[in-house]
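A structural walkthrough
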Amino acid sequence: MWIKYQGRLWPLHYPETLLGRSRTCHIIVGSPLASRVHARLVHQDGGLVMVDTGSRNGTMLNGERVSGSIGLKQGDRIGVGSDLLEVVEVEAEPLAVAIPPSGNEEVTRSVRGLHIGDVVPFLIDECAKEGRAQAVLPQLRDALDRFTELKSGTSSDDIAKLRGLLRAARVRIEHPEFQTWVESALAKLS
């Protein structure tokens, strides 16, 4: 499952995804009524659960205030302050991901409206799967190379997140060629 917010899709790749105003949240909402860490989305028992963190203005699910935790499904609408997020399903094959051409100053990719920073975690997850590294590594390298080429127009938060993803990928993907490449990519992002 993914979260759709302000026309952008956010992958839920981590065991826990934080929603709120804080820059440390995975999905940063703009509403001044949102708490710094307003809610958590947690993968639990094969499903997705939303947990209100005791936010001052509460978290809404499909128009109803939530206390504690509640299971989520496709189509659910989450209210955080005055902002609305939607739980969606996105089918994407890693080999079908299109990355902007080198000369393109757009950091976002056009396919399904995903930000290139969303593509990278998806490709890292695919690379880490048994037997997938060889097929997906070229695409992951290409995506990250394009991202580093375009970094001048990229926010420092996105670059910091990408550095963290690369460090995590270095631990998860035991492929000598990839390890060498990650060191080079981290140097480019410094």
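Here, every reference points to the structure presented above.
Now for a quick tour of the structure.

**Let's talk about the sheet that holds strand β4 (residues 27-28)**
The strands making up a sheet associate through hydrogen bonds between their backbones, and the pairing can be parallel or antiparallel. The strand order β4-β3-β5-β6-β9 describes an open sheet built from five strands, whose pairing is mixed. The sheet is open, and its two edges are formed by β4 and β9 (69-72), each paired on a single side. Pairing analysis gives six bridges linking strand β5 (residues 39-44) to strand β6 (residues 47-52), with the strands arranged antiparallel. The partner of Val42 across the bridge, within β6, is Val49.

**Quick word on the pairing of strand β11 (residues 83-88)**
The pairing of strand β1 (residues 2-5) with β11 spans three bridges and is classified as antiparallel. Its bridge partner lying in β11, Trp2 is registered against Val88. Bridging between strand β10 (residues 77-80) and β11 involves four bridges; their strand directions are antiparallel. Each residue of the ladder has a partner; that of Ile78, found in β11, is Leu85. Where β10 folds back on β11, the antiparallel hairpin that results is connected by two residues, among which Gly81 adopts a positive phi of roughly 60°.

**Quick word on helix α4 (residues 176-188)**
The terminal C-alpha atoms of α4, which comprises 13 residues, lie 19 Å apart, in line with the 18 Å expected from a rise of 1.5 Å per residue. Here α4 has its buried residues at Phe178, Trp181, Val182, Ala185 and Leu186. All buried residues of α4 fall inside an arc of 140° around its axis, so they share one side. Among the exposed residues of α4, those oriented more than 90 degrees off its buried face are Pro176, Thr180 and Ala187.

**Here's the deal with the sheet that holds strand β2 (residues 8-11)**
Taken in spatial order, the six strands of this open sheet run β2-β1-β11-β10-β7-β8, and their pairing is antiparallel. Every interior strand has two partners, whereas the edge strands, β2 and β8 (64-66), have only one. Here the strands of the sheet are splayed against their neighbours by 30° on average, with no regard to which way each runs. Two elements, strand β7 (residues 59-61) and β8, share three bridges in a ladder whose sense is antiparallel. Looking at the pairing, Met60 lines up with Arg65 of β8.

So, how was this worked out
- Residues numbered from 1 in each chain as written.
- Predicted model: local features only at pLDDT ≥ 70, side-chain atom pairs only at ≥ 80, totals over all residues.
- Heavy atoms only, no water.
- Pairing = 2+ DSSP bridges.
- Helix = DSSP H or I, 4+ residues; strand = E, 2+ residues; numbered from the N terminus.
- Expected span 1.5 Å × (residues − 1).
- Buried < 20%, exposed > 50% of the residue type's maximum accessible area, 1.4 Å probe, protein only.
- Arc of directions from axis to C-beta.
- Axes fitted to C-alpha atoms, helices over the stretch in contact; angles between N-to-C directions.

Everything listed is a geometric property; what it means functionally is a separate question.
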